[in-house]
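Residue-level structure breakdown
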Amino acid sequence: MLRECIKMAFEGMLSNKLRTFLTMLGIIIGVGAVIAMVSLGLGMQEKVKENISSMGSNLLIVMSGGRTANGQRIASGSGAHLTYDDAKAIEKNVDGIKYVSPGVQTSYQLVAGNQNWNSSVQGMTPNIIDIRNYTIAEGRMYTEKEMTSRDRVCVIGQTVAENLFPEGSPVGKTMRINKAPFRVIGVLNSKGQSSMGQDQDDIVFVPLTTAMQRLMGLTYIRNITIQCENEKLIDQVQSDVVALLRQRHKIKTGDDDDFSVRNLAEIIKTAQETTGSITLLLAIVAAISLLVGGIGIMNIMLVSVTERTREIGIRKALGATYHDILLQFLVESMVIGVTGGTTGMILGTIVSVIAAKVIGWPVVVSILATIISVLFSVGIGLFFGLYPAKKAALLDPIEALRYE
Amino acid sequence: MNVIELKDIVKSYAMGDSTVMALNHLTVSFEKGKFTSIVGPSGSGKSTLMNVLGCLDRPTSGQYILEGKDIAQYSDDELAHTRNARIGFVFQSFNLLSKLTAVENVALPLVYAGVGLKERTERAEQALKDVGLGARLYHKPNEMSGGQRQRVAIARALINDPAIIMADEPTGNLDTKSTLEIIDIFEKLNKMGKTVIMVTHEPELADMTQRIITIRDGQLIKDERRD
């Protein structure tokens, strides 16, 4: 019986191609829009996450200087600056940490030959390039040994390289940082702008100890960059670090920290929540068009039932039961729903892939959205087909046979 | 032996305040293998009688015994199954489905009887050959003449080997030649032992049948047997 109904449904659909197509179009556009919108939304989310991650994912940055409330003084002279030892203690005592990189940074005028440039000089331990997701284009990163011996070596970003060494490779050449000569031993691959608009290639890395003692004359460090093993551990690591530093700096309970901890995961989370809401909004708008498509099915099925009153009467006279007629019309509306849904799914996927490529976002086809919207289109066929089908099945055969 | 017995059948409709008795305590029976015609003026209740006999409608009260079973108060589904298995309809306006071929139209009752496609098609082809339409098996109704369409309808009525064939003004839309052909088919069927009940308002057609029942105001006023 079901096979008969499906066959009849297709015959019915083919007998009025334009009307069937227009009805289906509502579902095609609805399902296609849901899939395309959700996929694009997810792609956008992925892109934002990627952008933020390029600053270094799983990062915690500990900065010296506390969060001072208005009028409250920082405990002066207590010597509670961040030190290289703090960094070592964090690395030793806190679990779930991949890298700890203490750092100092100042902007200096850089000179090489007849070129000069101003850039941020960062005194860092060698593991900084892993933490910040830099890669070496040419030459090498400095070593622990070069850091211990306070060698005057540096690794420069693409922007610095282009400005100071317009001709030829900078590796092996000498440049002056604040008048002191440094040997360039490596060039970083370009990372482009950060999502905040900063040029991440306008940078110079020098060994931490060299920077502290030979360049800046510091005994303390400005910040400690911590990379956790994964994003889930970040809250735990943050609270452990805070506890450890409070203990090391002998801060009494209730007093303010003399350092602050910034957490990139929070930025990622906020950004994801924002893009998630946008995705949801787009999906809702698309879902409304799916609903409108469903109402279109109902409309056409009602017309179809009226048009075919006589046919229903004949079928009933020949022995079709209530359920036979109900099934016939339900299958018909579901066939429209499923065919439209499948077409919409294919179309939506194609559109989202093309759009993502054009905009330059990652292509994310949401399997979940696909399954849900196709199931939904079956559901819509069923739901909006039920009333017309019931109306057909309840027709009185005598009345229906008399209908002209 | 009676294939149908109607006992004290009443069918009434509410029309505003008054009640219209379309069938007024009608008692009549139909023997197996007879060709009977029902005549009467319009509004006499013969269409209502036809609907009740054809299980399209339930009587308000009374007994309808079809092949020994009282089906007067059957449910809609039971009536549908009874129509499907025991009653063959031939209508004045043919009532064929225009999108289906002759074979598909004839096979339609078998769809609702749950018969498979292959057997359906074979039986429908045979039934069409029996009414002389072997050459038009896969034509659609609008490619056929009125007489041919009515023959398709008769083949459809016969397909499930029903207890009775109900013909409601079967020749009302046909010319004289086709009318005679159709009556001829009914007579042949009758000779093969089929029970045929035909509603008509043409006396000359009624004259060709074995029994003429005249209805007026929902009551049997004349029952003429011509054996």
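Conventions and cut-offs
- Residues numbered from 1 in each chain as written.
- Chains lettered and ligands numbered in written order.
- Predicted model: local features only at pLDDT ≥ 70, side-chain atom pairs only at ≥ 80, totals over all residues.
- Heavy atoms only, no water.
- Helix = DSSP H or I, 4+ residues; strand = E, 2+ residues; numbered from the N terminus.
- Buried < 20%, exposed > 50% of the residue type's maximum accessible area, 1.4 Å probe, protein only.
- Contact = heavy atoms within 4.5 Å.
- Areas by Shrake-Rupley, 256 points an atom, 1.4 Å probe, with all protein chains shown as cover.
- 1 Å grid on protein atoms, 1.4 Å probe; cavity = no way out; pocket = protein on both sides within 12 Å on 5 of 7 lines; lining within 4 Å.
- Points joined across faces, edges and corners; volume = space filled by probe spheres on them.
- Nonpolar A, V, L, I, M, F, W, Y, C, P; charged D, E, K, R; others polar.
- Polar contact = N/O pair within 3.5 Å; in protein donor to acceptor, adjacent residues only side chain to side chain.
- Axes fitted to C-alpha atoms, helices over the stretch in contact; angles between N-to-C directions.
- Parallel < 35°, antiparallel > 145°, perpendicular 65-115°, else oblique.
- Left-handed = near helix turned anticlockwise from the far one by under 90°.
- Buried area = accessible area lost by both parts, 1.4 Å probe.
- Salt bridge = Lys/Arg side-chain N within 4 Å of Asp/Glu carboxyl O.
- Lys, Arg positive; Asp, Glu negative; His and termini not counted.
- Pairing = 2+ DSSP bridges.
- pLDDT = per-residue confidence, 0-100.
- Core = buried A, V, L, I, M, F, W, Y, C linked by side-chain atoms within 4.5 Å.
- Expected span 1.5 Å × (residues − 1).

**Observations concerning the overall build of chain A**
Scanning chain A for helices and strands turns up 13 helices and ten strands. The buried share among the 404 residues of chain A stands at 48%. Intrachain contacts of chain A at a sequence separation of at least 6 include 78% that bridge at least 24 residues. When the accessible area of chain A is evaluated, it comes to approximately 19,600 Å², of which 58% is carbon and sulfur surface.

**Quick look at empty space enclosed by the protein**
Overall, the coordinates contain one cavity of 30 Å³ or more when judged by the stated rule. Considering only enclosed or pocket space, the largest cavity measures out at about 70 Å³ in volume. Along its surface, the largest cavity is lined by Leu 318 of chain A together with Arg 83, Asn 84, Ala 85, Ile 87, Gly 88, Phe 89, Pro 109, Arg 156, Ala 157, Asn 160 and Pro 162 of chain B. Of the residues that constitute the lining of the largest cavity, the class distribution is seven nonpolar, three polar and two charged.

**So, the side chain of Ser 352 of chain A**
All names here are of chain A. Here Ser 352 lies in helix α11 (residues 322–359). Classification of Ser 352 as buried rests on a relative accessible area of 3%. One polar contact links the side chain of Ser 352 to the main-chain carbonyl oxygen of Thr 349, over a distance of 2.9 Å. Ignoring any residue separated from it by four or fewer positions in sequence, one finds Ser 352 in contact with Ala 36, Ser 39, Leu 40 and Val 365.

**Quick notes on the packing of helix α10 (residues 309–317) of chain A against α11 of chain A**
Residue and element names in this part refer to chain A. Running from N to C, α10 and α11 point in directions that differ by 140°, and their axes come no closer than 10 Å. By the angle between their axes, α10 is oblique relative to α11. Seen from above, α10 lies across α11 with right-handed handedness. Across the interface between the two elements, Glu 311, Ile 312, Arg 315 and Lys 316 from α10 touch Ile 325, Gln 328 and Phe 329 from α11.

**Focus on the interface of chain B and chain A**
The interface is formed by 24 residues belonging to chain B together with 24 residues belonging to chain A. Buried surface at the junction of chain B and chain A, summed over both partners, amounts to about 2,000 Å²; 59% is from carbon and sulfur atoms. Counting across the chain B and chain A interface gives one salt bridge. Glu 104 of chain B serves as the salt-bridge partner of Lys 7 of chain A, at 3.9 Å between the closest nitrogen and oxygen.

**A few points about the side chain of Lys 316 of chain A**
The residue Lys 316 of chain A is located in helix α10 in this model. One buried charged residue, Lys 316 of chain A, remains without a salt bridge, the closest side chain of opposite sign being Asp 76 of chain B at 6.3 Å. One polar contact links the side chain of Lys 316 of chain A to the main-chain carbonyl oxygen of Ala 393 of chain A, over a distance of 2.5 Å. Residue contacts for Lys 316 of chain A: discarding those within four places in its chain leaves Ile 325, Ala 393, Leu 394, Leu 395 and Pro 397 of chain A together with Arg 83 of chain B.

**Here's the deal with the sheet that holds strand β9 (residues 211–216) of chain B**
All names here are of chain B. Strand order in the open sheet made by the six strands is β6-β7-β8-β3-β9-β10, with mixed pairing throughout. Lying at the two open borders of the sheet, with one neighbouring strand each, are β6 (87–90) and β10 (219–225). Geometrically, the sheet is characterised by an average inter-axis angle of 20° between neighbouring strands, direction not taken into account. Bridge analysis of strand β3 (residues 35–39) against β9 gives four bridges, and the strand direction is parallel. In the strand pairing of β9, Val 39 is matched with Thr 214. Where helix α1 (residues 46–53) meets the sheet, its contacts fall on β3, β6, β7 (164–168), β8 (195–199) and β9, and the angle it forms with β7 comes to roughly 150°.

**Re the confidence of the model for chain A**
A residue-level look at chain A finds 93% of positions with pLDDT of 70 or above and a mean pLDDT of 84. Taken together, the stretch residues 75–80 of chain A has pLDDT below 50 and engages in two contacts with residues farther than four places along the chain or on a different chain.

**Description of the nonpolar core**
Core analysis: the largest hydrophobic core is formed by 68 residues, its most contacted members being Ile 4, Leu 6, Leu 53 and Tyr 64 of chain B. Counting residues per element, this core draws most heavily on α11 of chain A, which supplies seven residues. Once residues lying within four places of it in the same chain are set aside, the contact partners of Leu 6 of chain B are Leu 26, Thr 27, Val 28, Leu 49, Leu 53, Gln 63 and Tyr 64 of chain B. Core analysis: the second largest hydrophobic core is formed by 47 residues, Ile 156, Met 175, Val 184 and Ile 234 of chain A among them.

**Concerning helix α6 (residues 176–191) of chain B**
Residue and element names in this part refer to chain B. Taking 1.5 Å per residue as the helical rise, α6 with its 16 residues ought to reach 22 Å, and the 22 Å between its terminal C-alpha atoms agrees with that figure. Contacts made by the buried residues of α6 are with β3, β6, α5 (146–158), β7, β8 and α7 (203–206). With its phi angle positive at about 100°, Gly 193 sits one or two positions after the end of α6.

**Observations regarding the sheet that holds strand β2 (residues 18–31) of chain B**
Residues and elements named next belong to chain B. Spatially, four strands are ordered β2-β1-β4-β5 in an open sheet, and the strand pairing comes out antiparallel. This sheet does not close on itself; its edge strands, each paired only once, are β2 and β5 (69–70). Note: strand β4 (residues 61–66) against β5, two bridges, orientation antiparallel. Within β5, the residue paired with Leu 66 across the bridge is Lys 69.

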